Amino acid sequence: MSLKEGKTLLRRAGVAAGIAFAIMVADYLVGNWEFPVFDDSSTLQPLALMASVVSDDKEEDDSIFCVNLGVEKELVAALDPEFGDSIGHVAVTSRQSLRKAMGMARKAGAKNIFVDVSFSRNLSGPQDSALFAEIAADPRIVVATHAEDLGEVPDAIASNVAYSDYRGLKTNGFTRYQYLQPDGESAALRLYRQTTGACIRRHGAAYSDDGRLCYNSLFIRLPKSAAERTGSDGLVRYPYLSSQILGNSTEEEVCAMMRGKTVLIGDFDNDLHETYVGQCPGPMINYHAYKALLRGDHLVKFWPGLLLLLVYSIMFYFLLWPVYPRISMLGTRLQNILGTVAEIIGFGGIICVVRVVWFSAWHVSIIAALPATVATLIILGRRLGLKVGAD
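Residues numbered from 1 in each chain as written. Predicted model: local features only at pLDDT ≥ 70, side-chain atom pairs only at ≥ 80, totals over all residues. Heavy atoms only, no water.

1. Some remarks on the packing of helix 3 (residues 95-108) against helix 7 (residues 251-258)
Right, so step 1: Relative orientation of the contacting elements helix 3 and helix 7 amounts to 60 degrees, with a least axis distance of 8 Å. Here the hand of the crossing between helix 3 and helix 7 comes out right-handed. Of helix 7, the residues touching helix 3 (which contributes Lys100, Ala101, Met104, Ala105, Lys107 and Ala108) are Glu251, Glu252, Val254, Cys255 and Met258.
Right, so step 2: Its residues placed into classes, the contact of helix 3 with helix 7 shows seven nonpolar, no polar and four charged. (Axes fitted to C-alpha atoms, helices over the stretch in contact; angles between N-to-C directions. Helix = DSSP H or I, 4+ residues; strand = E, 2+ residues; numbered from the N terminus. Left-handed = near helix turned anticlockwise from the far one by under 90°. Contact = heavy atoms within 4.5 Å. Nonpolar A, V, L, I, M, F, W, Y, C, P; charged D, E, K, R; others polar.)

Structure (structure tokens):
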């Protein structure tokens, strides 16, 4: 190789590496936007299911204990939000059942207690004061709320409240979770902070966790079992408190089953959200977002990132300066059309496979649309006669 050829090779490699690095930076920035981009559930479902085949996620999770209060209701007085006078009664989650579930979890020494139940200043029950006092007395209890409901949260439990919102477009189901939300800390991040003492912090357009670069908005790996009503053992996955939990076990036995676990309390029947694995209960979405933090899925990994940069650099080098021969059996126009389609599909498929492998092994973003779009533009530009990759 002559000196001139060596310089040309280095210059081309630098250009390809620069494009690859720019794509990775753009992928990080786009991935942290408040609203998800390229995250349509129907598009991501095949990729996510491919990733689940090679992932080590267990279908059964023995680190949680679910308490379903979906059918346990009581009537409480409803007050007019403007004038404060009574306007009738409303059915809400049974406060007595909720106190019973929380009491057993506290007695058992549960690691975390997540309560996905709505509260309002305008709905007043006879047990509310005692219930709120119990919640406020235990910092392990995290109560879910939504940004639009913040003004409705009773002051007595304000310190226990965290957000369980997720952003999406009309065509999306749930795909990604935002940990630091515009209005405050999410429920999953609160559970993570309580468990580990670590927390995500913002630095302009970047985020860090204990000094390490991380994602704030994360594609959440949901097992197919999260949308199933029964486990592989045939047991109900989200049992009712009165009939299926206390109906089959004593309180002491239930406490033993809760000990050291994350206890999820909520409505697993009606609080359902569309996801790429099916309809998933809200408490499970928050739990798997919390579990992703514990696994370190949100952290930007140096060596996998460097390896991905190398793979992208090689791919874009050969996109800009192809070395494979053209097939000349067909007419020139038809050859160009078919060749362009085949090249786009081929590189798009390779990029999808790369993203699935990296997502499965290191939870590097599964979204393949950004690099695939850049690759498509380069291919089209070259096929149209533009001087793409010219020295």
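Still more ground to cover, so stick around.
2. Let's talk about the pattern of salt bridges
Right, so step 1: Taken as a whole, this structure holds eleven salt bridges when the rule is applied.
Right, so step 2: Its salt-bridge partner being Arg106, residue Asp138 comes within 3.1 Å of it at the nearest N-O pair. Residue Asp138 is located in the loop between helix 4 (128-136) and strand 6 (141-145), and its partner Arg106 is located in helix 3; the two are separated by 32 residues in the primary sequence.
Right, so step 3: Overall, the relative accessible area of 29% leaves Arg106 in the partly exposed class.
Right, so step 4: For Arg193, the salt bridge goes to Glu185, with nearest N and O atoms at 2.8 Å.
Right, so step 5: Taking the relative accessible area as the measure of exposure, Arg193 reaches 34% and is therefore partly exposed. (Salt bridge = Lys/Arg side-chain N within 4 Å of Asp/Glu carboxyl O. Buried < 20%, exposed > 50% of the residue type's maximum accessible area, 1.4 Å probe, protein only.)

3. Side note on the pairing of strand 1 (residues 64-68)
Right, so step 1: With five of five residues buried, strand 1 lies mostly within the body of the structure.
Right, so step 2: Alternating positions in strand 1 separate into two faces, Ile64, Cys66 and Asn68 on one and Phe65 and Val67 on the other, with burial throughout.
Right, so step 3: Relative to strand 15 (residues 262-266), strand 1 runs parallel, the two being bridged by five bridges. Across the sheet, residue Cys66 finds its bridge partner in strand 15, namely Leu264. (Pairing = 2+ DSSP bridges.)

4. Comments concerning the environment of Val115
Right, so step 1: Along the polypeptide, Val115 turns up in strand 4 (residues 112-116).
Right, so step 2: Judged by relative accessible area, Val115 falls into the buried class, the value being 0%.
Right, so step 3: Apart from residues lying up to four places away in sequence, Val115 is in contact with Leu98, Met102, Ile141, Val142, Val143, Ala144 and Ile265.

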